[in-house]
Structures are given as C-alpha cells and as structure tokens.
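Take a look at the letters that make up each chain.
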Amino acid sequence: MKLSAAFLSLLLVSAAFAGTGTDAAVTALMKKMTLEEKIGQMTQVDYEAVKSSPKDIITYSLGSILWGGNSEIVDVTPRGWAECYDSLQRLSEKTRLRVPILFGIDAVHGHNNVNGAVIFPHNVGLGASRDAAAVQKAAEVTAREMRGTGVHWAFAPCVAVARNERWGRTYESFGEEPDLVRKLGAAHVKGLQGASLAGKNTALACVKHYVGDGGTTNGKDQGNTEVDEATLRALHLPGYIDAIEAGALSVMVSYNSWNGNKMHGNRYLITDVLKGELKFRGLVVSDWSGIDQLSPNYAYAVEQSINAGLDMVMITTGPGRPNNYETFIRTLAKLVKAKTVSMARIDDAVRRILTVKMEMGLFESRYTDAALLAEVGSPAHRDAARDAVRRSLVLLKNQGGLLPLRADARRIVVAGRSADDIGAQCGGWTIDWQGKRGPVVTGGTTVLQAVKRSVSNPSAVVHSPDGRLADSGDVAVVVVGEDPYAEMFGDREDLALAPEDVAVVERLAAKGVPTVVVLFSGRPMIIGPALEKSAAFVAAWLPGTEGDGVADVLFGRYAPTAKLPHSWPRSMKQVPVNVGDKQYDPLFPYGFGLTYDGAKALK
Ligand code: GLC
C-alpha cells in the first residue's frame, strides 16, 4: 500500500508537532517499514551498477545512490548532472513510502565531476595554506555548486594524516601533523554543512577514511597501519573528534587494516569508539565494495561488517554480478531472520539514515534548486578558488630575489610539460577518477595563460615547453610535476622528478637563464637537481583551475604565506620523515616557507 505524499508529510509534521521532533517522525516512519525496506535504506548503489535497471531503485527501495570515481554520465555539464540527479530522485516518489534517496559523490576539491565547476586546490595545498577560513570558503562554494546539480552528500573531508609520501593519496590529506588536519577538517565540515544541514545550499559531509588510512606501512594504499592504540589515537583519531564536534553526520570506513584487522569489520573502533566514546550520531558508510574484502564468504562479510557497526554499504556491482545489491539485501535479510544480525542493529542503522535525511530536509525538498545552477563556475566562485591557490603556494627558494617577476619584463619564457595543462594543474579526481593531462575541464586558467595576463606586453611571453627558445637575458618559468593519479595508482617507490622535467631546468641553467620552477605535485618530491639549477622554486601542489592564483604569487600581487604541510625529504631513503622524528634532517622542515619583503599582498 503506497502512502500518499500528503499522508506522509502529515505523519512527519504531526510527529514534529508532537514536540518530539525528528526522532518521533523517524519512529513513526520505521513502524511502517518492512524488513526489506529497512535493508533497502542501508543499501547504497553505484550509478554504474543501477543505470541500466533504474526500476530496481523502486523494487528495492534503495536508500542511496553514489557516482563513484568511474561512474560515467553522458552529459557532464552542470545541467546534465542536475537532470541525471532529478531523474533518479523522481523514482524515490514511486516507492511505497516515498523516502528520498541520498546521493553521494566525491566532491573532494570542488564539484570535480562537473565540467565547468570550479576546481579548488587539493587538500595538501590547503594544508600548506594553514588557512581555516579559506578551507571553509572552499567547502561552502563546493556545497553551493553541488546543490546546483541537486547532489547533497560530499565524500569529504579526508582527514587522513599522511605519514609516508609513497602513498598515492597523500594529496587528499591536509598534511602529516594531526593538529593541522583536525583544524582544517573541521573547517571543511562547517563549510559544507553550513549553519543548517537543511539549508538549500549546504551538503552533508563525510569524514574519511576511518581510521588510520594515512599511516600504513610503506604508505601502501589500503595497507596495514601497524601502530599501538595510543599512537592511533594520537595521530589518526583527532580529525574525527573535531569533525564530529563540527557536526559531521557521516563517516566513511577505511580499507586499511589496523594491526592486521580490516577496519570494515572492526567493531571496537566503529561501535565502541566512534559511536560510543565519540558519541557519533550520524551514519557510517562503507567504502567502495569495502565489505567484500572481509571474506570470500559473502554472508560472513555482511554479518561481520553490519555487526561491527556499518549502517550503509556501498555496493558497486549490478544484476548478474557477484555481491550485487540484490544479493546484499537478500543475504542481510536472511542473517536477520537467522538472528545472526539483530533487528536492533538494523533499526539503529535505519534510524541513523532516516534521521540524517530528515535533518537534511530531503523529505520536504528533494529536487535540484535551479537558482543555484547558474552559480556553478561563477566569477565569485573562481575568485574564492584563486584566493585559496595563492594562499597555498610555498616558496622554497628565491636566490637573488628573482621573484617577484616584473610585469614589464623584456621576455619571459614559459616552459615545462605542465605550463599549459589544466589537467596536470588539477590532478586526480577531476572529471575522471584518475584525472588526466590536457584540457579536461572548461573554465579556469593555466599558468601560461595567467602569466600572459600578468605582463604589460603579452608578446613578451614565449611558450617553449622544452625551453629551447630561451636565451640569456630572458627569465624562465618552468612548470613541472606529476602526471595525474588517484588512490593506489599513485603509490610510488620513487618520487624523483621526471627526467624530461629535470632536462628542461638543466637546459635553461646551461644557457644562463634565471629560472623559477613551479612544481605541480600531490606531495613533496625528490627535487635535488632541479632545486640546485634554479634560482627560485615554488611548491604549488595541485592548485586546480585557477592558475591566476599562481601568477598572483609569481608577480608579487600576493606575497607567499604558505608553509610546508609535510617535511620535505632529501632522498627516498629518508621517507618517511615526519616532524617529531628523533632523527630529523629533511631538505626542508615541516612548516618551512619563504616570503617576499616589499611586495604588496592583495589582502
Ligand atoms: C573510493 C575511495 C573513497 C571514495 C569512494 C567512492 O574507493 O576510497 O575515498 O569516496 O571510493 O568513490
């Protein structure tokens, strides 16, 4: 029997009027739910797995849909995303109880799946900024651009404390030091969730990955974090404490193990610590097929993860594939009927999920707000990202005061593979999961374009990727760095600069051309030769679309203020090297950063 929209809203309003608020409304709704409908709420399905059978959203009353790193929608413009969102959300009105669907996406440095959205610096650059206000602003803009497309749940902030730069996800962390991470993680939550989670331009935060993802041995992604509990609590837990205090209402569990035990099955840390000791009242979601890693016996994996305290399970395969959403629902229902998973555990999970949906106001308004669509990629949003960029650049060297460059320079040669490459500038998690070099997004400015806009005579700027057009008397800006990557594809044993990058710097040095190197990277790299051969060196991290922010620093419109969020190693032999180590002799210490004297800062 399908509840009419009117009856359902009467039910919710009456419970709220009963003065018992959301809790009573949730209780009233849960009383009407079958076991399968409850388990449906606990089921989060990737768009790729359900897009060819959307009616399954109705059949199984699915509670959540995500667009994972590899989910492709046809039209990645803001309007295309809004239409995709609304078309799926409309299906929630066809379910018996009309519970709205919760939509999640990796909006980790802006609404980065959307072509035309503003892409902010990745967290490593925001960590260098040390600027909680800039982080909060970035998250606020991200939430506004998300809601412009309807999407209301960001799988962010990542509050990993990255302790070994071999880790491919180092750039998703604010840095190696827990106090920096906890401060900026909380700011990110406040920016996303705003004053009220029911606001039309706010988004649900998801603090991840719980817990210890940045502490694995050798920085192996999804590896084993081998530390005692005191170290786990001192290094990796603070980000969650402050994020929960800031109001975060979802947490994503990590793939890593703690001393050999997979986090997805860790009842002590999920239920006793997170939900008990930290009094986390939101929902706990798995990572992408994370429960599958617990055991080849799927029923056991489901039992162990749900009993550990997972409330929602991220499922990424569809009909006919192993461990698909229909199998999950059937398996969990059987476990409840066999009493190996209690009804109380199911009810706790569903209560958390429905409470979050109600506090987000999804029952009252579940569709895209067209007024916000126009804001996606707006000049005001780009200005906010440009400000974050200039606050994130760390000046490591400035011999002879080469920087700031003069706007009336006779000739500036802009070289390097990454000088005119918005894809390299943005890094991973940009349109594609892994990101890629080239014109991946429209909007924004590359460093080459930004330099041209900074000089009085644009013809004074010469683009010479390999630097061969440079001559003595010129000044050179060489933009080098990593190819985009994400997650385990970024795990590296060797963090040396690419030979072709070093070659450009050496070629210019041999010509006697004073050179500033701008490095795009997700982490400190081994830069010895390039550092020695250049007069100035700027760590720009992965700044995103607003290359003007880089030029603001290069031309002295903003005197650099950023400080290293990681200790900078001399060689791979030193990695891991972290502030507080007994033997501590990095190339540049944690917190290092030069500035200019005399240049006027913008504000
Ligand atoms: C990925 C990542 C996680 C992301 C999730 C959804 O594997 O570990 O950070 O939010 O899957 O894309």
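Our structure is the block above this text.
Below you will find a few notes about this structure. Values in this document were obtained by computation on a predicted structure and should not be read as measured data. (Residues numbered from 1 in each chain as written. Predicted model: local features only at pLDDT ≥ 70, side-chain atom pairs only at ≥ 80, totals over all residues. Heavy atoms only, no water.)

### Focus: the overall build of the protein chain
Just so we agree on the cut-off: Helical segments are the DSSP runs of H or I of at least four residues, strand segments are the runs of E of at least two, and each set is numbered from the N terminus. The atom set for the radius of gyration is the C-alpha atoms, and the globule formula is 2.2 Å times the number of residues raised to the power 0.38. Contacts are assigned to residue pairs with any non-hydrogen atoms lying within 4.5 Å of each other. This count recognises Lys and Arg as positive and Asp and Glu as negative, with His and chain-terminal groups excluded. Think of each charge as sitting on NZ of Lys, CZ of Arg, CG of Asp or CD of Glu.
Looking only at helices and strands, the protein chain has 21 helices and 17 strands in total. Taken against the 2.2 N^0.38 rule, which gives 25 Å for 603 residues, the C-alpha radius of gyration of the protein chain at 25 Å falls within 12% of a compact globule. Projecting the C-alpha coordinates of the protein chain onto the three principal axes gives extents of approximately 80 × 50 × 45 Å. Across the protein chain, every contact between residues at least 6 apart in sequence was considered, and the portion connecting residues at least 24 apart equals 78%. Taking the average location of the 66 positive side-chain charges in the protein chain and that of its 65 negative ones, the two points are 3 Å from each other.

### Concerning the pattern of salt bridges
The cut-off we apply is this: For this document, the term salt bridge refers to a Lys or Arg side-chain nitrogen within 4 Å of an Asp or Glu carboxyl oxygen.
Under the counting rule described, the total for this entry stands at 43 salt bridges. The partner of Glu277 in a salt bridge is Arg233, with the nearest N and O atoms 2.7 Å apart. Within this pair, whereas Glu277 is found in helix α11 (residues 267-277), its partner Arg233 is found in helix α9 (residues 229-236), the two being separated by 44 residues in sequence. One continuous salt-bridge network, built from bridges that share partners, spans Asp131, Arg386, Asp387, Arg390, Arg391, Arg453, Asp548, Asp552 and Arg557.

### Re the layout of surface pockets
Rules: Here the term cavity refers to a set of points on a 1 Å grid, laid over the protein atoms alone, in which a 1.4 Å probe fits but cannot get out; the term pocket refers to an open set having protein on both sides within 12 Å along at least five of seven lines, with lining residues being those that place an atom within 4 Å of a point. Grid points are joined across faces, edges and corners, and a volume is the space filled by probe spheres set on the points. Gly counts as polar in this scheme, as do all residues outside two lists: the nonpolar Ala, Val, Leu, Ile, Met, Phe, Trp, Tyr, Cys and Pro, and the charged Asp, Glu, Lys and Arg. Where each domain starts and ends comes from a domain assignment, either automatic or drawn from a database.
Approximately 240 Å³ is the volume attributed to the largest pocket. What lines the largest pocket is a set of 19 residues, among which Tyr255, Asp287, Trp288, Trp429 and Glu487 lie closest to the centre. Residue classes in the lining of the largest pocket are distributed as nine nonpolar, five polar and five charged. Among the domains, domain 1 (36-373) and domain 2 (393-574) are the pair contributing at least three residues each to the lining of the largest pocket.

### Observations regarding helix α5 (residues 78-92)
Test applied: One fewer than the residue count of a helix, multiplied by 1.5 Å, yields its expected span. Remark: exposure states derive from per-residue accessible area (1.4 Å probe, protein chains only) relative to the maximum for the residue type, with buried under 20%, exposed over 50%, and partly exposed in between.
Over its 15 residues, α5 runs 22 Å from end to end, which matches the ideal 21 Å to within 8%, given 1.5 Å per residue. The set of residues buried in α5 consists of Pro78, Gly80, Trp81, Ala82, Cys84, Tyr85, Asp86, Leu88, Gln89, Leu91 and Ser92. For α5, the elements touching its buried residues are α3 (47-50), α4 (56-59), β2 (64-67), β3 (102-105) and α15 (370-373).

### Here we look at the site of the ligand
To be explicit about the condition: Distances are taken per atom, and a residue is near a molecule or strand as soon as one of its heavy atoms is within 4 Å of it. Polar contacts here mean pairs of N or O atoms no more than 3.5 Å apart (in protein, one a potential hydrogen donor and the other a potential acceptor; neighbouring residues in sequence count only if both atoms are side-chain atoms). Here the open area of atoms and residues is found with the Shrake-Rupley method and a 1.4 Å probe, where only the protein chains shown may cover a residue. To be counted as sitting in a cavity or pocket, a molecule needs more than half of its atoms within 2 Å of that site's grid points.
Taken together, the neighbourhood of the ligand is formed by 14 residues, with Asp106, Arg169, Lys208, His209 and Asp287 sitting nearest. Interatomic distance of 2.8 Å between a side-chain N/O atom of Lys208 and an oxygen atom of the ligand. Contacts to the ligand include Glu487, whose side-chain N or O atom sits 3.2 Å from an oxygen atom. Considered on its own, the ligand offers 310 Å² of accessible surface; in the complex 97% of this is hidden by protein. Judged by its atoms lying within 2 Å of the grid points, the ligand is housed in the largest pocket. Of the residues belonging to the shell around the ligand, the class tally is six nonpolar, three polar and five charged.

### Structural notes on the packing of aromatic side chains
Going by this rule: Only centres within 6.5 Å qualify two rings of Phe, Tyr or Trp (six-membered ring in Trp) as a pair; their planes then separate them into stacked at under 30 degrees, edge-to-face at over 60, and tilted for everything else. Lysine NZ or arginine CZ positioned within 6 Å of the ring centre and within 35 degrees of the ring normal marks a charge as sitting over the ring.
Inspection of the entire model under this criterion finds eleven aromatic pairs. Stacked on the ring of Tyr590, the Lys or Arg Arg130 has its end atom at 4.9 Å from the ring centre. Over the ring of Tyr485 we find Arg492, and its NZ or CZ is 5.5 Å from the ring centre.

### Quick look at the sheet that holds strand β10 (residues 283-285)
Cut-off, in case you're wondering: Think of it this way: DSSP has to see at least two bridges between two strands before they count as a pair. Orientation is described by axes fitted as lines to C-alpha atoms, over the contacting stretch for helices, and by angles from 0 to 180 degrees between their N-to-C directions.
Taken in spatial order, the three strands line up as β5-β7-β10 in an open sheet, and their pairing is parallel. Each edge of the sheet is formed by a strand with only one pairing partner; in this case those strands are β5 (207-210) and β10. Along the sheet, successive strands turn relative to each other by an average axial angle of 30°, direction set aside. Judged from the two bridges that link them, β5 and strand β7 (residues 250-253) form a sheet pairing that is parallel. Within β7, the residue paired with Val207 across the bridge is Val251. The sheet strands contacting helix α10 (residues 238-245) are β5 and β7, and the helix crosses β5 at an angle near 150°.

### Quick notes on the pairing of strand β16 (residues 515-520)
Cut-off, in case you're wondering: By the criterion used throughout, a crossover qualifies as right-handed when its path from the first strand across the helix to the second strand runs clockwise, the strands pointing away from the viewer.
Most of β16 sits inside the fold, with six of its six residues counted as buried. Burial along β16 is two-sided: the face carrying Thr515, Val517 and Leu519 and the face carrying Val516, Val518 and Phe520 are both buried. When strand β15 (residues 475-481) meets β16, the two strands line up parallel, connected through six bridges. Note on β16: the bridge partner recorded for Val479 is Val518. Traced from β15 through helix α19 (residues 499-510) to β16, the parallel crossover comes out right-handed. By the bridge criterion, five bridges tie β16 to strand β17 (residues 536-541) in an arrangement that is parallel.

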